[in-house]
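For reference, the chains in residue letters:
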Amino acid sequence: MPDLKNVILCLSVLLLVGCASGRDTTPSNADHRLLTLATDGEPTATVALNLRLLKTANADPTWKDAVESAEQHLLKLGNIPPRHRALVLDTFSSFAAGLMETPGGTVPFRVFASHGPEDAALEVLQTARLIEATKEGDYVLIDPETCQRQGPLRLLKTKQLLAFVPPALAADVSARLAREPSQKMEPLFIAQAGVEVGPVLEPFVPGLLMLAIQQFQATDAARRISFAARADASGAIRADVEFAGPHPERIQALWERVTTSESALRTVVASSTKLQAGKDVLRITFDVNALRAQSAMLRRAFSPFSDEPLPSENLEDLREGAVLSPENVVSYPETLTPESFLALSGDDCSPWKGDALDETKKLRLAFTSLRASFITPEADHLQLTARVCQPRDYVPVLARRKLMELRVQQPELHRPLCGPLAASPDGMKVGEDFSGENASRGQVASHHVQFALKPGVDAQTLPAITGSVTVHVPARIRSIRLPFAAPFARAEQTFPDGKLFVEGLRIHLGTLTFQLGSEGTPPTVLAVRALNAEGKYLRTEARPGLTMVLSLPLFGVLSPDAPLFTVEGRPAQIELVLVDATTPYTRPFTLTPPFPSGNAAARDAEALPLAMIDQTLFEQHLMSPESVARRTASFSGAVKKDALPAALPPNAPASPFHAWLVTDGVFRGDVEFSWPDDVQKSFAQADPPVTLELLEADFADGTRLRAADIEAVDEEDQYVWHNGYGQQLKWSTTFSPGRSWSFTHRGYIPHQLERVPLTRLKGQLSFALPEKWVASSPTALSLHTEARLEGGRFKVEIIEPGRIRIQSHDTGQEGFSAVFDDAKNRPVDSVLTKRTDFDDATFMLDFETRQPAHRWRMIQSRGTPKTYAYPFEILAQVPVAPTEPKPVPARKAGPTRKASPTRKK
């Protein structure tokens, strides 16, 4: 029952800190006032959390492990990053956050209840850069992860309370704080959260609530969703979820289905949950202690194998396993050196990207990104990627320790106070990837670091970037064996820095599936093998790990990246091949500008891309008799099997696009459009969109549909024609010929007519081209150069091998693009892959470049645009006389929202 799983998932992060007591967790009067302010009906979204209780639970050894891994979710409700955890918990007892309605719109607020004096608490928030004073004496809130600033907000100080509220409501909030609290906090209040349902609030809703709204998928009829978690003095914990408004029928239907079925979750539901349906509120109460008692059942429910629980002693389903011959078992040398390790990777495993750092050319370093981030626009952000050859049999199955380290000696790095780099003690954000690029005898592991230069330091004017790359090469390999027999319960091995364990998941079709998991930082695992009672190796295969991201430490749910294995036969032991010791293999590097350097060679003169497409180029070149004849011949020689080509109506102009109707197979009914290389290259840089309109469709039963029929909607918002999933069909769309050589349109045939043959399809393709293009002066490609065109300013935000991003300033006009030149002033083949428009009328252009670029120019279309239209018609069989459209019953469609990208300031 995935819906119930999602309910439990969304609640779990609120339920992890309840039963520990032993310290004074009774809320103070400041806590009471904080909660009163947060739940007085004024805010449109609120969260509140008792930090005092969180700290107490964390101090209890029996709760410490569960609480630590859940704190990031709880503290995130107040935009408190993990690096400020101790500071905040030592200073504050509770906090509330949310939104307040003002005459000028919806404005956020924050309220903190402190243990001690308000001035000392205010200094803590300023030191942590969670707030900042403005020139007018007010404050702005600073998001520690994105650096987004919200405000200005007025600071109200009362005894042990700091409230940051909209200035327009300061007097009203101050009066409310002066009143005696109207709602008492329960002695062991943990957390509560609520949100008015509505897409307009989505960007402001705390992360936990947004997760819940998305996962419940049952809020269409609800006006408000509220959460609360509390614990009583005896240690019992409960959590309530309330839906205010018309009762969500899907939740009630789910409840009835789960409580009356033989689902594996029925026991959990019966013992730990209760539903109460009132006139205006639907409430679900969870007994957290009962949920914890059912943790094994929940783990099975969240597992992808929950429908087939592992039998405890039943081995009849396990067939006799295939025993491997000794030569099929990889033999690892006990000791290695860096030289012998790299030699095992083979001469054909070479990470070709980047500069070689050693004589064997098995270790390389590439400059992979240079960007101006909106988080800290005054600082250059860089990324370096190191790659090393890995012998195929040494690619880790499970690794919690870093394979590589990358250090930068010069220049000095910047330590931002907010944003993704602020959490790192050395100002670097690190990632590793062991999948790499496949080679016949090995793979390539990659390690990348992101960092920022000091504000005002131009990466392109640095004399050099120097540092070193260290690979922790395996030096000693050893194997351990864990007993693992029926009932295949958890078997584990403890190490000084962590733990490894295996656990059976299910028996199915004669094989056993089990999981390899870890805690802490145990040794790296290179191989997992199963042995039978005679000590012979059984056939064991790795499978993809769990893809769910479940932060449920209270229930011990499986790690999202724990690898899975299947074994044929009846294992008695599991053998783990481990990296028992490593040797550092360090190589220095020196990189000089320009950054990043490209690896691709410049194109030959005859292979240069076409000029920017306009009316003259299109009519005189692409649509010349020679070009049309060449494409027509190519089209005629590429007739597809099980597909019908479109015919041009009488006297219609030749089209640069070819249309097909798939008549058989899985994709029957799809309409495909294709075009040759010259069309793709011509449309690439400017990327003018092509509009596809389906005008009429005739079916074998005599039904004729037109676009107006598809768009018809009855008074209950039910689509007359739809695709069987309650979604309105789209008979009009756009595609970009410059990004690929084909486009497929599917899903337009209405529900209940899918099995009725299509006899005729009529449509039209159209696009508009400018009369001409004008260009700015050539500008050196750097983050710190600027192009100007017709009063607009344009800056480069990202430079990567194969990718360039340009941001506009002071312009909201359409019709802009960019072109690039190489070091010899020759055009660089590029494609405009994405345009992003923001609410402040600026936009961002992303280009794919296929050679190194050294200069760039902005271009803008001029003159009166001209529209070119190309009708097409596909006859699948002889049509019958059409009848009037016949409405079919339709399911109710869900709410539709139009995405509007918003640039954070």
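Residue indices begin from 1 for each chain and proceed along its sequence in written order. In view of the model being predicted, local features appear only for residues whose pLDDT reaches at least 70, and side-chain atom pairs are presented and counted only at 80 or more, with totals across whole chains, interfaces and linings using the full set of residues. Note that the side-chain values use all heavy atoms of the structure and ignore hydrogens as well as water.

Draft legend 1. Local environment of the overall build of the chain. Put simply, DSSP H or I for four residues or longer makes a helix, DSSP E for two residues or longer makes a strand, and each gets a number counted from the N terminus. Assigned secondary structure in the chain consists of 17 helices and 45 strands. Each of the 905 residues in the chain was classed as buried or not, and the buried ones make up 50%. Here, residues are in contact when the closest pair of their heavy atoms is within 4.5 Å. For the chain, the share of sequence-separated contacts (at least 6 apart) that also reach a separation of at least 24 residues comes to 71%. Exposure categories follow from relative accessible area, calculated using a 1.4 Å probe and restricted to protein chains: below 20% of the type maximum is buried, above 50% is exposed, and the middle band is partly exposed.

Draft legend 2. Fine view of the pairing of strand β3 (residues 105-114). With eight of 10 residues buried, β3 lies mostly within the body of the structure. With 10 bridges joining them, strand β2 (residues 92-102) and β3 adopt antiparallel strand pairing. Bridge pairing in β3 places Ser94 opposite Ala113. The hairpin turn running from β2 into β3, its antiparallel successor, is two residues long. Sheet topology note: the β3/strand β7 (residues 161-165) ladder contains four bridges and is antiparallel. Looking at β7, one finds that Val111 is bridged to Ala163. Being paired, for any two strands, means DSSP has found at least two bridges between them.

Draft legend 3. View of the state of the cysteines. A pair of sulfur atoms, both from cysteines and within 2.5 Å, is called a disulfide here. This structure, assessed with the given rule, holds one disulfide. A disulfide bridge connects Cys147 with Cys418, and the sulfur atoms are separated by 2.0 Å. Handedness here is read from the sign of the S-S torsion; for Cys147 and Cys418, about 115°, the answer is right-handed. Taken together, the positions of Cys147 in the loop between β5 (139-142) and β6 (149-158) and Cys418 in the loop between β16 (404-410) and β17 (429-433) put the pair 271 residues apart, joining distant regions of the chain. Residue Cys147 is classed as buried on the basis of its relative accessible area of 9%.

Draft legend 4. Geometry of unusual backbone geometry. Between Gln410 and the following residue, Pro411, the backbone shows a cis peptide bond with an omega angle of 0°. Within the element layout of this structure, Pro411 appears in the loop between β16 and β17. Backbone geometry at Asn825 places phi at a positive 65°, although glycine is not the residue there. Looking at the element boundaries, Asn825 is found in the loop between β41 (816-821) and β42 (830-837).

Draft legend 5. Quick look at the environment of Tyr585. By secondary structure assignment, the location of Tyr585 is in strand β27 (residues 573-591). A relative accessible area of 6% means that Tyr585 is categorised as buried. The residues contacting Tyr585, other than those within four sequence positions of it, are Pro338, Leu342, Asp358, Leu363, Val469, Thr470, Val471 and Val473. A polar atom in the side chain of Tyr585 sits 3.5 Å from the side chain of Arg587. In protein, a polar contact means a hydrogen-donor-capable atom and an acceptor-capable atom, both N or O and within 3.5 Å, with residues adjacent in sequence counting only if both atoms are side-chain atoms; elsewhere, any N or O pair within 3.5 Å suffices.

Draft legend 6. Structural detail: helix α7 (residues 170-178). Among the residues of α7, Ala170, Val173, Arg176 and Leu177 are the ones counted as buried. Across the axial projection of α7, the buried residues extend over an arc of 125°, all falling on one side. Residues of α7 that are exposed and angled more than 90 degrees away from the buried face: Ala171 and Ala178. The arc in question is formed by the directions pointing from the helix axis toward the C-beta atoms.

Draft legend 7. Broad picture of the confidence of the model for the chain. The share of residues in the chain with pLDDT of 70 or more is 70%, and the mean pLDDT across the chain is 75. Per-residue confidence from the predictor is given as pLDDT, running between 0 and 100. In this model residues 1-23 is a low-confidence stretch, pLDDT under 50, and it forms 80 contacts with partners more than four residues away in sequence or in other chains. Within the model, pLDDT remains below 50 along residues 547-560, and this stretch shows 43 contacts once partners closer than five positions in the same chain are excluded.

Draft legend 8. Local environment of the nonpolar core. One finds Ile806 and Met858 to be the most contacted residues of the largest nonpolar core, which totals 60 residues. With residues up to four places along the chain from it excluded, the contact list for Met858 reads Val774, Ala775, Ser776, Ala787, Leu789, Phe794, Ile806, Phe816, Ser817, Ala818 and Leu845. The nonpolar core is taken to be a set of buried Ala, Val, Leu, Ile, Met, Phe, Trp, Tyr and Cys residues, with the residues joined through side-chain atoms within 4.5 Å. The next biggest cluster of nonpolar side chains, apart from the first, holds 36 residues, and it includes Phe618, Met623, Phe743 and Val756.

Draft legend 9. Summary view of the sheet that holds strand β19 (residues 465-483). A sheet is described by the order of its strands in space; here five strands give the open sequence β16-β19-β27-β23-β24, paired in antiparallel fashion. Strands with a single pairing partner mark the edges of an open sheet, and in this sheet they are β16 and β24 (537-538). Of the pairings in the sheet, the one linking β16 to β19 comprises six bridges and is antiparallel in character. Across the sheet, the residue bridging to Arg407 is Ser468, located in β19.

Draft legend 10. How the structure looks around the sheet that holds strand β34 (residues 742-745). Judged by pairing direction, the sheet is antiparallel, and its four strands sit side by side in the order β28-β29-β30-β34 without closing on themselves. Of all strands in the sheet, those bounded by a partner on one side alone are β28 (643-645) and β34. Direction aside, the axes of adjacent strands within the sheet are offset by 25° on average. Bridge count between strand β30 (residues 671-674) and β34: four bridges; the pairing is antiparallel. Looking across to β34, one finds that Val671 is bridged to His745. Where helices are involved, their axes are fitted lines through C-alpha atoms of the stretch in contact, as for all axes, and angles between N-to-C directions lie from 0 to 180°.

Draft legend 11. Local environment of the packing of aromatic side chains. The aromatic pairing rule takes the rings of Phe, Tyr and Trp, using the six-membered ring of Trp, and pairs them if the centres are within 6.5 Å, calling planes under 30 degrees apart stacked, those over 60 edge-to-face and the rest tilted. Taken as a whole and judged by the stated rule, the model has 25 aromatic pairs. Measuring from ring centre to ring centre gives 5.4 Å for Phe683 and Phe767, while their planes differ by 80°; the resulting arrangement is edge-to-face. Residue Phe683 is found in helix α16 (residues 677-684), and its partner Phe767 is found in strand β35 (residues 758-769); the two are separated by 84 residues along the sequence. As far as burial versus exposure is concerned, Phe683 and Phe767 are alike and both buried. Put simply, the rings of Phe618, Phe657, Phe673, Trp675, Phe683, Phe735, Phe743, Phe767, Tyr868, Tyr870 and Phe872 pair up and form one aromatic cluster. Both a distance and an angle decide whether a charge sits over a ring: NZ of Lys or CZ of Arg must be within 6 Å of the ring centre and within 35 degrees of the ring normal. The ring of Phe501 carries Arg490 above its face, with NZ or CZ at 3.6 Å from the centroid. Over the face of the ring belonging to Phe843 we find Arg835, whose NZ or CZ atom lies 3.9 Å from the ring centre.

Draft legend 12. Quick peek at the side chain of Thr385. Note on placement: Thr385 falls in strand β15 (residues 380-391). Polar contacts involving the side chain of Thr385 include one to the side chain of Thr368, which spans 3.1 Å. Here Thr385 is in contact with Arg364, Leu365, Ala366, Thr368, Ser446, His447 and His448, once residues within four sequence places are set aside.

Draft legend 13. Seen up close, the pattern of salt bridges. What counts as a salt bridge is simple: a side-chain nitrogen of Lys or Arg found within 4 Å of a carboxyl oxygen of Asp or Glu. Applying the stated criterion across every chain yields a total of 35 salt bridges. Asp698 serves as the salt-bridge partner of Arg704, at 2.7 Å between the closest nitrogen and oxygen. Judged by relative accessible area, Asp698 falls into the buried class, the value being 3%. Linked through salt bridges whose partners overlap, the residues forming this network are Glu696, Asp698, Arg704, Arg706, Arg760 and Glu873.

Draft legend 14. Here's a closer look at helix α15 (residues 625-636). By this rule, a helix spans an expected 1.5 Å times one less than how many residues it contains. The first and last C-alpha atoms of α15 sit 16 Å apart over 12 residues, in line with the 16 Å expected at 1.5 Å per residue. Taken residue by residue, α15 has Ser627, Val628, Arg631 and Phe635 as its buried positions. The buried residues of α15 occupy one face: seen down the axis, they fall within an arc of 95°. Exposed side chains of α15 directed beyond 90 degrees from the buried face belong to Pro625, Glu626 and Ala633. Looking at the buried side of α15, the elements it contacts are α14 (615-622), β28, β29 (658-662) and α16.

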